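# Fold and geometry: a report
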Amino acid sequence: MLLSLLISMAALSLLYREVVRSKDVVDISNQGFLGISSLSSGSTGNLRIETGTLRVKNTFPQGGVTAITASGSVGSISIQARNAVEVTNGTISTSVRPGSTTQATVGDITIETRRVHLKDGGSISTDTFSSANAANIFIKAGEHVEISGVSSPFNGSISRISSGTRLGATGNGGNVTIETPRLTLTQGGNISATSFMSNGNAGNINIRATDVELDGFSFIPLESLTGLDPSFLQEVFSDPLFSETVSRFGGFYRISEFSSDVIGSNTDVQGGTITIDTERLRLSNGADISTSVILGRGKGGNVIVRATDSIDINGVGPIRLDGSPAPSGLFAELQAGGIGSGGSIDVTTRTLNLSNNGEISAATFNQGDAGNITIKANQINLRGSSNIITQVDDEATGNAGNINITTQLFNVQEESQILSATFGNGNAGNIKVQADNIILTGSDSELSTGISSSVDERANGKGGDIDITTNRLIIRNNAEITSGSSGNGEAGRIGINANFLEINGKGSGIASTTLAGNGGDITLNIRDFLLLRRGGLISTSAGTAEASGNGGNLNISAGFIIASPEENSDITANAFSGAGGRVEINTQGIFGIEPRPGETNFSDITASSTTGINGEIIINTPDADPTRGLVKLPADTVNTAGLVNSSCSAFDGKTGSQFTVTGRGGLPPNPNENLAGDVVWSDTRLTTAAKPQNGAVSQVNRPLKTNETVSIIPATNWVFNNQGEVTLVSHVSQGNADSVGSNQVACHKPV
């Protein structure tokens, strides 16, 4: 066994099955070549490399580790490196050459190691230029895979893992599969599956990693393109946006990305699907994951991301032709010159964070429909002008895709939006959100924050519908849910089902408005409370540009509708020259806001028209009289003296007046009984009265002395005597006894 194998400025060509073993290092550099090939109808064996570390350096464009066929069958490339595979400005590749017969085949590339480093133009690639399919790439790295940068000086070599079907080929591109704990792409590193001017389908990209991170870009100046391979220049300059970018900026950018593109095909070629299974995905500083159809016909591939922990999309990259920075994000687009359909985006994660212009977009810029966006997450946060978008561009013909979001907490703030729009010939897509809690928080900026479906003034199409189902929806600080039309197209419908809805702050609202056409319809089903504060708005107004169009229909069913009368919170279905709309409210109670003929500085419900016919307002509340069942209380005060028998019969043998006592303590049932032993006070005036024995009432009969009388005066207070007992007393004098309603009677005092 070799300890090391050095191939430099030389070629080692293997025609049959061969294994290259080196205990420590296999080093291929300076246009060195190690490969297998078939230039006839014959077949070759496989190339297997077993070593500690494989290094391929400065072998671009002709050297490196290769497997090439023109007509026969070429075997696979298998690399087993205990430590690492390092490729710098070099290649590990397989290729089916132009003109190859249908019998031509090429084997796959398989790499198993701890670490893979592709830098400064290092690449691993498979291509077909004929009817044979390109080979697949499978990489399994125990620690990490890192892909970074371009060659310096630039010679057309880009750090990447790629599979392509190119330049008139009818075979399909191969699949790229990577398994590793950590996958990192920086400074323009790329993983791609492309169909370029081919009738073959692009391959798929499958990533399985614990952490996936894509960051940044590289700039390549125009002077670096001199003397490059013509096929490379043809590919990159086939994109009109690329050509214009080079002309304007004096060079071009390579963004760190996963991509599957269909470019320049004349048949309905299928783009590849990008599937990422990870715990955490991070895209920053312009990095993206994209599938596109560019120039020619095709169907864009899908983007599928499943991240068990989180997805973070943050920041921007280089400046684009329109002057805006390229956002980091997930994209499935039918690009300029493309004919067909865009792919869809499917995201599943625990937490999705978009910040600082991060974006998820499915759009059409030419002829064809855009794809859908589906997101399922426990929590979704959008901040700092970040967007989730489906749209029809101003020069496009086709429909925008739908947006479907399912989450527990949906938090949108700082000029961020969920948007479906049409600027061209086609309809905007629908937006559907299902969440436990939705919080939309705007800012002082003129840019919108919230959920929106719109039709541009130059567009020929309809706005999409917005459907929201939630437990709690809060719209505040200039945020909004809108479906609007600035042109002749109809605005979409808005439907909200919630237990609680709060609209708080001027500029905050739910609106389906038009400049000229009819206002859209709004249906609100709020189980408990609809709260309007500080200028909150619900509107289906039309003709806001002083044009025609009827106000829309506004249907509200709510437990209670509450507003502050002086805060100018409004519910409107107004029009300018058309007819006012129809407002129908079903509620248990409505407070602080009331119908009026027109808008005022108070909280209003209106369905008016400036020059046309006013609409109608219908408010349905339960058929109940709140005063029904109430008892009218007497106006006279109670005569307390009439409630107590103050005659002498209180001391004779007859049954006198009595109280009905419930509960513990209090007065005895009648004047002949003493207080019970469990009370904490007693009447010490009746000291001669007999005490109860064993629960029985004793009565003592004594002759009356006619010369002794006692005056009965009601007790008005109590005091503690010297034994700590409570004693009832009267502080009312004889002269004032009548003034408290007592009947003073002279009775014989028992002896």
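Description of the structure in this document. (Residues numbered from 1 in each chain as written. Predicted model: local features only at pLDDT ≥ 70, side-chain atom pairs only at ≥ 80, totals over all residues. Heavy atoms only, no water.)

### A few points about the overall build of the protein
Definition in use: Each helix is a run of DSSP H or I of at least 4 residues and each strand a run of E of at least 2, with the numbering of both proceeding from the N terminus. For every residue, the accessible area (1.4 Å probe, protein chains only) is compared with the maximum for its type, and the residue is labelled buried under 20%, exposed over 50%, or partly exposed between those bounds. Residue contacts follow a heavy-atom distance rule, with two residues in contact if any of their heavy atoms lie within 4.5 Å. What sets the accessible areas is the Shrake-Rupley method with a 1.4 Å probe; for residues, cover comes only from the shown protein chains.
When helices and strands are counted, the protein shows two helices and 52 strands. Looking at the 751 residues of the protein, the share that counts as buried comes to 48%. In the protein, once contacts between residues fewer than 6 apart in sequence are set aside, the share between residues at least 24 apart is 78%. Summed over all atoms, the accessible surface of the protein reaches about 33,400 Å², with 48% contributed by carbon and sulfur.

### Section: unusual backbone geometry
The phi dihedral of N58 is positive, around 55°, even though this residue is not glycine. By secondary structure assignment, the location of N58 is in the loop between strand 5 (47-57) and strand 6 (64-69).

### With respect to the environment of K23
Here K23 is to be found in strand 3 (residues 18-29). For K23, a relative accessible area of 47% corresponds to the partly exposed category. Spatially, the C-alpha atom of K23 lies 5.2 Å from that of T51, the residues being 28 residues apart in sequence.

### Considerations on the pairing of strand 18 (residues 217-221)
Rules: DSSP-based pairing: two strands are paired if at least 2 bridges between them are found.
Every second residue of strand 18 is oriented toward a common face, the buried set being S218 and I220 and the non-buried set F217, F219 and P221. Bridge count for strand 18 against strand 19 (residues 251-255) is five bridges, and the pairing is antiparallel. Within strand 19, the position partnered with P221 by the bridge is G251.

### Observations concerning the nonpolar core
For clarity, the threshold we go by: The definition of a nonpolar core used throughout is a set of buried Ala, Val, Leu, Ile, Met, Phe, Trp, Tyr and Cys residues joined through side-chain atoms within 4.5 Å.
Membership of the largest hydrophobic core comes to 112 residues, with the highest contact counts inside it found for I191, F258, F410 and I481. Aside from chain neighbours lying at most four places away, what touches I191 is I147, I161, V176, I178, L183, L185, I205, I207, E257, F258 and S259.

### A look at a nonpolar patch on the surface
Our working rule: Without a salt bridge and with relative accessible area above 30%, a residue can belong to a patch; like charges are then joined within 9 Å and nonpolar side chains (Val, Leu, Ile, Met, Phe, Trp, Tyr) within 5 Å. Salt bridge, as used here, is a side-chain nitrogen of Lys or Arg placed within 4 Å of a carboxyl oxygen of Asp or Glu.
Taken together, the side chains of F529, F560 and F591 make up a nonpolar region of the molecular surface, amounting to roughly 270 Å² of accessible area. For F529, a relative accessible area of 36% translates into the label partly exposed.

### With respect to the pairing of strand 4 (residues 33-38)
Among the six residues in strand 4, five count as buried, and that is most of the element. Of the pairings in the sheet, the one linking strand 4 to strand 6 comprises six bridges and is parallel in character. Paired with F33 across the bridge in strand 6 is G64.

### Let's talk about the side chain of S608
Note on placement: S608 falls in the loop between strand 47 (604-606) and strand 48 (616-620). Look at S608 and you get buried, because its relative accessible area is 14%. Sequence-distant contacts of S608, defined by excluding residues within four places in its chain, comprise A573, N574, A575, G580, P597, G598 and N614.

### Considering the environment of M197
In this fold, M197 is placed in the loop between strand 16 (190-196) and strand 17 (205-215). According to the relative accessible area criterion, M197 is partly exposed, its value standing at 35%. For M197 and G296, which are 99 residues apart along the polypeptide, the C-alpha to C-alpha distance reads 8.5 Å.

Take it as geometry only, folks, not as evidence of what the structure does.
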